[in-house]
Amino acid sequence: MKDYLTPDYMFGHYYEITPEFLQSIGVRALLIDIDNTLAPYEQPDPDESIRAWFARLAEAGISVALVSNNHAPRVERFNQTLGLLAYPDSGKPKRKTLEIAMQKLGVTHAETAMLGDQLLTDAYAGKHIGLRAIIVPPIHDKTNLFFRFKRLCERPFIRKFAKKNRYRDYLSFWKIKKK
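Just so you know, these numbers come straight off a predicted model, no measurement behind them. (Residues numbered from 1 in each chain as written. Predicted model: local features only at pLDDT ≥ 70, side-chain atom pairs only at ≥ 80, totals over all residues. Heavy atoms only, no water.)

Quick word on the pattern of salt bridges
Here is step 1: This model, assessed by the stated rule, comprises 8 salt bridges.
Here is step 2: The closest approach of N and O atoms between Arg-74 and Asp-35, which form a salt bridge, is 2.5 Å. Residue Arg-74 is found in helix H4 (residues 72–79), and its partner Asp-35 is found in the loop between strand E2 (29–32) and helix H3 (48–59); the two are separated by 39 residues along the sequence. Each member of the pair Arg-74 and Asp-35 is classed as buried.
Here is step 3: Put simply, Lys-92 and Asp-122 hold a salt bridge, and the shortest N to O gap is 2.6 Å. Here Lys-92, found in the loop between strand E4 (85–87) and helix H5 (96–105), pairs with Asp-122, found in helix H6 (residues 119–128); they are 30 residues apart in sequence, far enough to count as distant.
Here is step 4: Accessibility expressed as a relative area gives 5% for Lys-92, which makes it buried.
Here is step 5: Each of Asp-33, Lys-92 and Asp-122 takes part in one network of salt bridges that share partners. (Salt bridge = Lys/Arg side-chain N within 4 Å of Asp/Glu carboxyl O. Helix = DSSP H or I, 4+ residues; strand = E, 2+ residues; numbered from the N terminus. Buried < 20%, exposed > 50% of the residue type's maximum accessible area, 1.4 Å probe, protein only.)

Regarding the pairing of strand E6 (residues 132–135)
Here is step 1: Going residue by residue along E6, you find Arg-132 and Ile-134 tucked away on one face and Ala-133 and Ile-135 tucked away on the opposite face as well.
Here is step 2: Examined bridge by bridge, strand E5 (residues 112–116) and E6 share 4 bridges and lie parallel to one another. Counterpart to Met-114 in the pairing with E6 is Ala-133. (Pairing = 2+ DSSP bridges.)

Section: the sheet that holds strand E3 (residues 63–67)
The strands that make up a sheet are held in pairs by hydrogen bonds between backbone atoms, and each pair lies either parallel or antiparallel.
Here is step 1: Ordered in space as E1-E6-E5-E2-E3-E4, the 6 strands form an open sheet in which the pairing is parallel. The open sheet is flanked by strand E1 (9–10) and E4, the only strands paired with a single partner.
Here is step 2: Contacting E5 and E6, H6 crosses the sheet at an angle of about 155° to E6. (Contact = heavy atoms within 4.5 Å. Axes fitted to C-alpha atoms, helices over the stretch in contact; angles between N-to-C directions.)

Section: the nonpolar core
Here is step 1: One finds Leu-30, Trp-53 and Phe-54 to be the most contacted residues of the largest nonpolar core, which totals 26 residues.
Here is step 2: Listing elements by their share of this core, those giving two or more residues are helix H2 (19–24), E2, H3, E3, H4 and E5.
Here is step 3: The element that contributes the greatest number of residues to this core is H3, accounting for 4 residues.
Here is step 4: Not counting residues within four places of it along the chain, the set of residues in contact with Trp-53 comprises Tyr-14, Tyr-15, Ile-17, Leu-30, Ile-32, Leu-38 and Leu-115.
Here is step 5: Grouped together as the second largest cluster of nonpolar side chains are 14 residues, Ala-29, Leu-31, Leu-98 and Ala-125 included. (Core = buried A, V, L, I, M, F, W, Y, C linked by side-chain atoms within 4.5 Å.)

Written as structure tokens, this is what we have:
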């Protein structure tokens, strides 16, 4: 299970993930979480930078689908101006919705990556079915006890990735002290 929780790639923000990078690792499709990955929970609509990033992906031939555990009203509102394939109530880390999204996009596991902010849902869901997991730090995390506990559980895996890949600067994004 620990291998499923260690991301393949980490970036400081979603917009640092360029079409060129995705193409260099053989990714033709990206399954993307919304909340805290692209926008905070409180932001109902994508801003101009999000729309521009999606436009760059589309121009480069990178297919995308939104795969969110949030409910339909939130996901549909966020997707209204984007017009992407979108899957609310996806049940991540379960695999079913990811498999459906890939089938609709016409891509294989080897051509697909999962982008999100949580190791216990996004990274695990993707890696469990053989996708590469790309993780960004949460934009504005919830502070309830459940989320604080989940983030605490993620720290050793983020630290392991950062040490292995010499990405020690990224530890500060997760407010993790360097050892």
